[in-house]
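Here are the chains, one letter per residue:
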Amino acid sequence: MAQDIVPSMVSSPHAGDFRSVVTVAELGRVLVTAIDYPELLSVRSSALVRRSDPERFGLSLVVANDLCVAQRDNRSRLHPGQLLLHDTSQPLETHALPGAAGRGEMVMLQLPKSALPLRTERLYPLLGRGMSGTCGMGSVFARYLVGVAGVVRRGEVCVREAERLGEVALDLFAATLASHIDAEDRLRPETRRQALIARIETFVQLNLSDPELTPAAIAAHHHISLGYLHRLFQHRELTVAAWIRHLRLERARADLADPRLCHHPVHALGARWGFQHAADFSRAFRNAHGMPPGDYRRQALGAGRAAVDAGSTDG
């Protein structure tokens, strides 16, 4: 951990059998780290700062169990779903507490201070304070960070994609902090554009079940024109409306193949994802998958039962 993050003195009640998993990936200029750990106390003293300082900011999402943090004049107890900003150039103390989740878990994004378009001293009041990872830009950043950590853990990031993922993460990092210090005007236009696209994507994902979710409603919610919304997404293969329909159909397809939902009528699963009329759902599903949703469900559930039976026979 000292090599991959920053030198610190770590102690733990579990020192006799200390188990932790640290996954690290370099994505261009940023470093993504996913960590799980037992209860521990980590102290980065002034002496350790002088010994080695990569001059980075880190923005972490607490995923499981509480975390007590102290940096500069701030002391906080963070809960799962909160974000933490830390500065490698200043002493830091963190105490990972035991909890109902068993082991603690955190996902962290680190980047060089020089990569941020924000004045360092303006960020000092945020150090060691909990920030929401469930609303506003914090939610957008947290969802993206968890998604990137997932593909990193599964080894699904190719060299060509790594830098692009890192640049988007940097933009969201900057936009999240800027929203807390009222400094959005300091962001470069491309950063503001990427942050807006990420906000829109998160909004759509969270509101797919709303039949009133249309491009016009999305534009109005984000205070932009419909034309500008379409320009933001013009590089995509699908139009905004087609993308929404694709997401809804994918969610419905997953529900149709879920044996736990087998007693729900087909039309109810369509309505669950924003298809108000059964005929519209059936037509859209047939166009996308080559068969009516009822036939797809019978095929998917039948294949699932056959796989279970085969496994039982092999056993």
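Going by the structure above, here's the rest.
So, here is what we can say about the structure in this document. If you're wondering where the values come from, they're calculated on a predicted model, not measured in any experiment. (Residues numbered from 1 in each chain as written. Predicted model: local features only at pLDDT ≥ 70, side-chain atom pairs only at ≥ 80, totals over all residues. Heavy atoms only, no water.)

Judged by how many residues are buried, strand β10 (residues 104-112) sits mostly within the fold: seven of nine residues are covered. Pairing of strand β3 (residues 30-37) with β10 involves seven bridges; the strand directions are antiparallel. Residue L31 lies in a different strand from β10, and its bridge partner there is Q110. Across eight bridges, the pairing between strand β5 (residues 56-64) and β10 is antiparallel. If you follow F57 over to β10, its bridge partner there is L111. (Buried < 20%, exposed > 50% of the residue type's maximum accessible area, 1.4 Å probe, protein only. Helix = DSSP H or I, 4+ residues; strand = E, 2+ residues; numbered from the N terminus. Pairing = 2+ DSSP bridges.)

Another aspect to go through is the environment of V148. Looking at the element boundaries, V148 is found in helix α3 (residues 136-153). Along the primary structure V148 and P38 are separated by 110 residues, whereas in three dimensions their C-alpha atoms are 23 Å apart. If we skip the residues at most four places from it in the chain, V148 touches L27, V32 and L165. (Contact = heavy atoms within 4.5 Å.)

Buried residues dominate strand β8 (residues 82-87), accounting for five of its six residues. Of the pairings in the sheet, the one linking β5 to β8 comprises five bridges and is antiparallel in character. By the bridge assignment, L61 is partnered in β8 with L83. Pairing geometry for β8 and strand β11 (residues 130-132), over three bridges, is antiparallel. Its bridge partner lying in β11, L83 is registered against M131.

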